[in-house]
Amino acid sequence: MTLSVLPVDCEPAAGVVLVSGIPGSGKSTVAGALANRLRLAAHVEVDELQTMIVSGGRWPSATVDPEADRQILLRARNACLLADSFAAAGFVPVLDDVVVRRSHFDFYRASLTAAPLHVIFLAPGPATAWRRNQARDKVLATHWSALDEAMRQELAGEGTWIDNAEMTVDETVELILSVTGLTLTAEAGLVLP
């Protein structure tokens, strides 16, 4: 048996979507649901890239930790490499990550180059995010509400902001599809802007 080497890359994807917000805002759930709505898409959960570090990993913390900050950018770099690879192969990458600082945001913007970038900030407010955190399997001990204020101050005017406090996942996905212009065309099965 021989395996023919086929080209991996094809017509690039119509876009890359970065879904951000504070913990509990619904990033992973919405990003996964969005990717499932598109014919060719990949969900890149940036937290999962952090779990690949099996020795010496440092998760973000409320205290100053330069090594944790370095690893935030490392996992963002790896997420961008994956996203650009998927986009070059025609898959719309949908990334989810907590991006609240200008430097982190600018890193994503500079690194994602294979397709146009659509940035979505889920902003249900800190009280709703905290309530959601307490109701899920992945319960966080740290109250990250200060990140909401930092995100709103540093990234105001960037991307599309969605207050999804009273929205279902499907309603949020529909709104994202509407603002990004990404749609599924029945004839060709391609995602177009």
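The rules behind each value
Residues numbered from 1 in each chain as written. Predicted model: local features only at pLDDT ≥ 70, side-chain atom pairs only at ≥ 80, totals over all residues. Heavy atoms only, no water. Helix = DSSP H or I, 4+ residues; strand = E, 2+ residues; numbered from the N terminus. Contact = heavy atoms within 4.5 Å. Areas by Shrake-Rupley, 256 points an atom, 1.4 Å probe, with all protein chains shown as cover. Pairing = 2+ DSSP bridges. Axes fitted to C-alpha atoms, helices over the stretch in contact; angles between N-to-C directions. Core = buried A, V, L, I, M, F, W, Y, C linked by side-chain atoms within 4.5 Å. Buried < 20%, exposed > 50% of the residue type's maximum accessible area, 1.4 Å probe, protein only. Expected span 1.5 Å × (residues − 1). Arc of directions from axis to C-beta. Salt bridge = Lys/Arg side-chain N within 4 Å of Asp/Glu carboxyl O.

In this section: the overall build of the protein. A count of helices and strands for the protein gives 7 helices and 7 strands. Listed by position from the N terminus, the elements making up the protein come as β-α-β-α-α-β-α-β-α-α-β-α-β-β. Long-range pairs, those at least 24 residues apart, make up 75% of the contacts in the protein between residues at least 6 apart in sequence. Accessible surface for the protein amounts to roughly 10300 Å². Of this, 56% is attributable to carbon and sulfur atoms.

With that settled, the discussion passes to the sheet that holds strand S3 (residues 92-97). Reading across from one edge, S2-S3-S1-S4-S5 is the order of the 5 strands in this open sheet, with parallel pairing throughout. Each of the sheet's edge strands pairs with one partner strand only, and the pair in question is strand S2 (41-45) and strand S5 (160-162). When the angles between neighbouring strand axes are averaged without regard to direction, this sheet yields 20°. By the bridge criterion, 4 bridges tie strand S1 (residues 16-20) to S3 in an arrangement that is parallel. If you follow Leu-18 over to S3, its bridge partner there is Leu-95. Where helix H3 (residues 66-88) meets the sheet, its contacts fall on S1, S2 and S3, and the angle it forms with S3 comes to roughly 165°.

So, about the nonpolar core. Burial of nonpolar side chains together is a common tendency in soluble globular proteins. Core analysis: the largest hydrophobic core is formed by 43 residues, its most contacted members being Val-17, Leu-34, Ala-79, Val-92, Val-94, Leu-95 and Tyr-108. Residue contacts for Ala-79: discarding those within four places in its chain leaves Val-44, Val-46, Leu-49, Leu-95 and Tyr-108.

It is worth spelling out helix H7 (residues 169-180) at this point. In an α-helix, one turn spans 3.6 residues; hence positions three or four apart end up facing the same way. For H7, which comprises 12 residues, the first-to-last C-alpha distance of 16 Å matches the rise-based estimate of 16 Å (1.5 Å per residue) to within 8%. Within H7, burial applies to Thr-172, Val-173, Ile-176, Leu-177 and Thr-180. End-on, the buried residues of H7 take up no more than an arc of 140°, which puts them together on one face. Exposed residues lying more than 90 degrees from the buried face of H7 are Asp-170 and Ser-178. Contacts made by the buried residues of H7 are with helix H1 (27-37), strand S4 (117-122) and S5. Of the residues trailing H7, Gly-181 is marked for its positive phi of about 80°.

Before going further, it helps to spend a moment on the pairing of S2. On S2, burial follows the alternation: Ala-42 and Val-44 on one face are buried, whereas Ala-41, His-43 and Glu-45 on the facing-out side are not. Summarising the sheet, S2 and S3 pair through 5 bridges and their orientation is parallel. By the bridge assignment for S3, Ala-41 is matched with Val-92.

To continue, consider the pattern of salt bridges. Considering all chains together, one arrives at 10 salt bridges under this definition. For Arg-152, the salt bridge identified is with Asp-148, shortest N-O distance 2.8 Å. Of the two residues, Arg-152 and Asp-148 both sit in helix H6 (residues 145-155), 4 residues apart, roughly one turn of that helix. What makes Asp-148 buried here is its relative accessible area of 7%. Residues joined in a network through salt bridges with shared partners are Arg-102, Asp-106, Arg-109 and Glu-158.

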